[in-house]
Structures are given as C-alpha cells and as structure tokens.
Amino acid sequence: MRIVGGVWRSRRIRVPVRPGLRPTPDRVRETLFNWLGQDLAGLSCLDLFAGSGALGFEAASRGAARVVMVEADRAARAALAESCNALGAAQVEIVAGDARDFLARSRERFDVVFLDPPFRQNAVPEVLARLPPRLAPGARVYAEGTAAVQAAAPWRELKRARAGQVSYQLLRWDGHDPSGIPGNI
C-alpha cells in the first residue's frame, strides 16, 4: 500500500495478510485528507484499531506532530514497526493492546482520531461514546464502517460519503467543557 500525500507521498508501507484487516483505500484517504486539510502540522492524532497504519502514516506524512497507533494484533504491530522504521517516522508511537483499554488508561487528548475498527466488531458507536475524555476542544473524528453513525449532539457531522461497501464520515466534538468537571457539558 502506498501513502497518497505529504512528505512520504508514493512511499509504500507493509500490510500483512490478517483476518479482518482491510486498509482504507487510496481514494477514501484522499477524500478524508481533503476534508481535514492537507497540512496537519502540530496536531496530535490517534489511530485506534491501526491495522495497516495507512491513516496514521498519512497523518504523519502531512505534518502531524504526534501519531499514536493502537493495535492488538502482533503481526500487524510488527508490520507497523517495520514501516515506521523504513519511513523514519519518529513522531509515531505504536501501542500494543486493545483500543478500548487504551482509551480507559490514557490521559492524553487528541486533535484528530481515526476510528476504523474491523467491520465485524461494529464498535464505532461504543468507541465514540468512550472518546470524549481523550478529545481536544473541536477534535475531529473519522469513522469508517458498513453504515454511517448517527451521532447526537454534542457531536456534529461535518462530511459523509460512501465508497462501495464502506461508509465513512467526519465528525467534530463540540462538547468541550472548559471547567474540567466531568458531566458538566
């Protein structure tokens, strides 16, 4: 698989053959990064269910200051590490483990989150509900699945599209509470 934009444009990343691993197609990534803007300089990104790492590597290629890739599968993590080393991607951190566990224990906040779990898990609604404590004010979340997510306020849908069997959308979290008191939105 190749990176479609940024400083690593046309560079290839290794994608292992794993059950349920379906990298986001080039055309969808191009659309997503047109929505996000081509320059992600200074932003902190989280690639949950990283898989091939295509979304996280695209973000790093476009200037993201930090990209955290969370992946449970050992072979997928090994491929991520190999691609990370080949690209010299010092801003990328690969985290071993389950995405939900990461959200529960992390205290970091992210500007952009890529949410592309294996389709059979149907995890997007559940993970969206767990994301707010990990989101920076005005954070944007890319969600990919078999159907669009119906996210209620304070989520706001910015864009939505479909490519074959894949529905994808860009959401924004508008529920930041400057007081820092949980539940005070």
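Our subject is the structure listed above.
Residues numbered from 1 in each chain as written. Predicted model: local features only at pLDDT ≥ 70, side-chain atom pairs only at ≥ 80, totals over all residues. Heavy atoms only, no water.

Q: Help me get a handle on the overall build of the chain, residues and values and all.
A: Within the chain, the secondary structure is distributed over five helices and seven strands. Secondary structure elements of the chain, listed N to C terminal, follow the sequence α-β-α-β-α-β-α-β-α-β-β-β. Radius of gyration (C-alpha) of the chain: 15 Å, near the 16 Å computed for a compact globule of 185 residues. Structurally, the chain occupies a C-alpha span of about 45 × 35 × 30 Å along its principal axes. Across the 185 residues of the chain, 49% fall into the buried class. Long-range pairs, those at least 24 residues apart, make up 63% of the contacts in the chain between residues at least 6 apart in sequence. Total accessible area on the chain is roughly 8,600 Å²; 49% of this is exposed by carbon and sulfur atoms. (Helix = DSSP H or I, 4+ residues; strand = E, 2+ residues; numbered from the N terminus. Rg over C-alpha atoms; globule rule 2.2 N^0.38 Å. Buried < 20%, exposed > 50% of the residue type's maximum accessible area, 1.4 Å probe, protein only. Contact = heavy atoms within 4.5 Å. Areas by Shrake-Rupley, 256 points an atom, 1.4 Å probe, with all protein chains shown as cover.)

Q: Describe the pattern of salt bridges, naming the residues involved and giving the relevant values.
A: Evaluated as defined, the whole model comprises 11 salt bridges. Across the pair Arg 66 and Glu 93 runs a salt bridge whose closest N-O atoms are separated by 2.6 Å. Here Arg 66 is found in strand 2 (residues 66-71), whereas its partner Glu 93 is found in strand 3 (residues 92-96), with 27 residues between them in sequence. It is possible to trace a salt-bridge network through shared partners that takes in Arg 2, Asp 26, Arg 29, Glu 58 and Arg 62. (Salt bridge = Lys/Arg side-chain N within 4 Å of Asp/Glu carboxyl O.)

Q: An account of the packing of aromatic side chains is requested, with residue identities and associated values reported.
A: Enumeration over the complete set of coordinates arrives at five aromatic pairs. Taken together, Trp 35, Tyr 142 and Tyr 168 form an aromatic cluster joined through their ring pairs. (Phe/Tyr/Trp six-rings, centres within 6.5 Å; stacked < 30°, edge-to-face > 60°.)

Q: Describe in detail the nonpolar core, supporting the description with residues and values.
A: Core analysis: the largest hydrophobic core is formed by 32 residues, its most contacted members being Phe 57 and Phe 114. Secondary structure elements with two or more residues in this core: helix 1 (26-36), helix 2 (54-61), strand 2, helix 3 (74-87), strand 4 (110-115) and strand 7 (166-173). Sequence-distant contacts of Phe 57, that is, excluding residues within four places in its chain, are made with Ile 3, Trp 8, Ile 13, Ser 52, Met 69, Leu 80, Ser 83, Cys 84, Leu 87, Ala 89 and Val 92. Counting residues in hydrophobic clusters, the runner-up holds 25 residues, among them Leu 46, Val 70, Leu 103 and Ala 123. (Core = buried A, V, L, I, M, F, W, Y, C linked by side-chain atoms within 4.5 Å.)

Q: Describe the pairing of strand 1 (residues 44-48), listing the residues and the values that go with them.
A: Buried residues dominate strand 1, accounting for five of its five residues. Along strand 1, one buried face is formed by Ser 44, Leu 46 and Leu 48 and the opposite face, lined by Cys 45 and Asp 47, is buried too. Where strand 1 and strand 2 come together, four bridges link them in parallel fashion. Each residue of the ladder has a partner; that of Ser 44, found in strand 2, is Arg 66. Note on the crossover from strand 1 through helix 2 to strand 2: the handedness is right-handed. Relative to strand 4, strand 1 runs parallel, the two sharing four bridges. Residue pairing across strands places Cys 45 opposite Val 112, the latter belonging to strand 4. (Pairing = 2+ DSSP bridges. Right-handed = clockwise from strand over helix to strand, strands pointing away.)

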